[in-house]
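These are the residues of each chain, in order.
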Amino acid sequence: MKIVSKKRDLVNLLKPCWKGPDKIGLVPTMGALHQGHLSLILKALQENSCVLVSIFVNPTQFNDSEDLNNYPRKNSEDLAILKDLLRQEDIVFIPEEAEMYPERDMRRFDFGHLDKIMEGAHRPGHFNGVAQIVSKLFDLIKPDFAYFGEKDLQQLIILKKLTDITGSNTTIISCPIIRDNDGLAMSSRNQLLSKTERKEATNISQALFDAAKLKKQLSPIKLRESIINRINSNPELEVEYFEIVDGFELKPVSSWESSPLIYGCIAVKLGSIRLIDNYKLVNKKD
Ligand code: PAF
């Protein structure tokens, strides 16, 4: 694999791929790689002759400077993992902040309702920052495909909308959530949990799995209330939101017949760590 930190060097490496029939697959990450990232990279490797993994903790998507400072940074561990996984022709792009933001990015994207709810409501400006960095990466790399995990469902739907807004030729590929053996969704933030918090964190996914069973007895509104009360009854956990939404517009549903695809989406605080997860409660699409 090749490692570059400058846009100029990246462009030189990509030039032959842009000319030929090769497909370029991009896996954007903020590092601290885990099995979830690896599943995206493995899919990209199957589907593209050149895979590019970017590692960049993007400051514009953090609305809290403490969260940005505490975000795990593991460049040398990440590079060791990637060295075993990537091929000779694949690329790791690790830019510095000044390389991606030589000047302040003043662009504001309009995602309508999509960034006003859930993560968008609790992390003002977060999705605008994600859109800034992802659009910069797409403009620079011109990937045929870009791979994102369904754990960040709202991000995934917003990034599909971003490609419509910007007229990008990149196809967004969504990849299933990867869970630990006890059900906890893999996340770089899990590395920040203490042993006790890590144990308590399984209550989040377990509540979502039980929600899928309880939906036979309860309306979405009652189920929402019951799951919030259940998680909040644990003194270590505090629900920031739990919303039962359709899988297209992310609008809250009032009946299980409202949409062929319905998700329960949750954010929970464990001490200072915030974890998100989601689970399909209705899937009549397949
Ligand atoms: O999902 C992430 O890790 C980040 O939001 C992304 C897409 C790499 C943009 O910084």
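Up top is the structure these notes are about.
Residue numbering note: each chain is counted from 1, following its sequence as written. Restriction of local features to residues with pLDDT of at least 70 applies here, the model being predicted, together with a cutoff of 80 or more for giving and counting side-chain atom pairs; totals for whole chains, interfaces and linings are based on all residues. In computing side-chain values, all of the structure's heavy atoms are included and hydrogens and water are not.

Undergrad: Which residues make up the nonpolar core, and what values go with them?
TA: Judged by nonpolar contacts, the single largest core of 44 residues is most densely connected at Leu10, Leu52, Phe93, Val134, Ile141, Phe148 and Leu250. Going along the chain from the N terminus, every DSSP run of H or I of four or more residues is numbered as a helix, and every run of E of two or more is numbered as a strand. Take this core: its biggest share by element is nine residues, from helix α7 (residues 126-141). Note on contacts: a residue pair is in contact if any heavy atoms of the two residues lie within 4.5 Å. With near-sequence residues (within four places) excluded, Phe148 lies in contact with Pro28, Leu40, Val134, Phe138, Gln155, Leu156, Leu159, Ile172, Ile173, Ser174 and Cys175. In terms of nonpolar packing, the next biggest core, distinct from the first, is built from 25 residues, Leu208, Ile228, Ile273 and Val282 among them. Buried residues of nine kinds, namely Ala, Val, Leu, Ile, Met, Phe, Trp, Tyr and Cys, make up a nonpolar core once their side-chain atoms join them within 4.5 Å. Burial status follows relative accessibility: with a 1.4 Å probe on protein chains alone, a residue under 20% of its type maximum counts as buried, one over 50% as exposed, and anything between as partly exposed.

Undergrad: Before we move on, can you summarise the state of the cysteines with the specific residues and values?
TA: Cysteine sulfur atoms are paired as a disulfide whenever they fall within 2.5 Å. Throughout the structure, instances matching the rule amount to zero disulfides. No disulfide involves Cys175; its nearest neighbouring cysteine sulfur is the one of Cys50, lying 17 Å away. Take Cys265: it sits in no disulfide, and the sulfur closest to it among the cysteines is that of Cys175, at 18 Å.

Undergrad: Give me the site of the ligand: which residues, what numbers.
TA: Close to the ligand lie Pro28, Thr29, Met30, Asn58, Gln61, Val130, Ile133, Phe148, Asp152 and Gln155. Within the side chain of Gln61, a nitrogen or oxygen atom sits 2.6 Å from an oxygen atom of the ligand. Here an oxygen atom of the ligand sits 2.8 Å away from a polar atom, N or O, in the side chain of Gln155. Accessibility throughout is a Shrake-Rupley quantity obtained with a 1.4 Å probe, and a residue counts as covered only by protein chains that appear here. Isolated, the ligand exposes 290 Å² of accessible area, and the fraction of that covered by the protein chains is 88%. Elements represented by at least two residues in the shell around the ligand include exactly β2 (24-29) and α7. We call Asp, Glu, Lys and Arg charged. Ala, Val, Leu, Ile, Met, Phe, Trp, Tyr, Cys and Pro are nonpolar, and the rest, Gly among them, are polar. Residues of the shell around the ligand, tallied by class, amount to five nonpolar, four polar and one charged. Nearness here has a simple test: a residue counts as near a molecule or strand if at least one of its heavy atoms is within 4 Å of that partner. Contacts described as polar in this section are N or O atom pairs within 3.5 Å, which, within protein, must combine one atom able to donate a hydrogen with one able to accept it, while residues neighboring in sequence count only if both atoms come from side chains.

Function-wise, these values are silent; they only describe arrangement.
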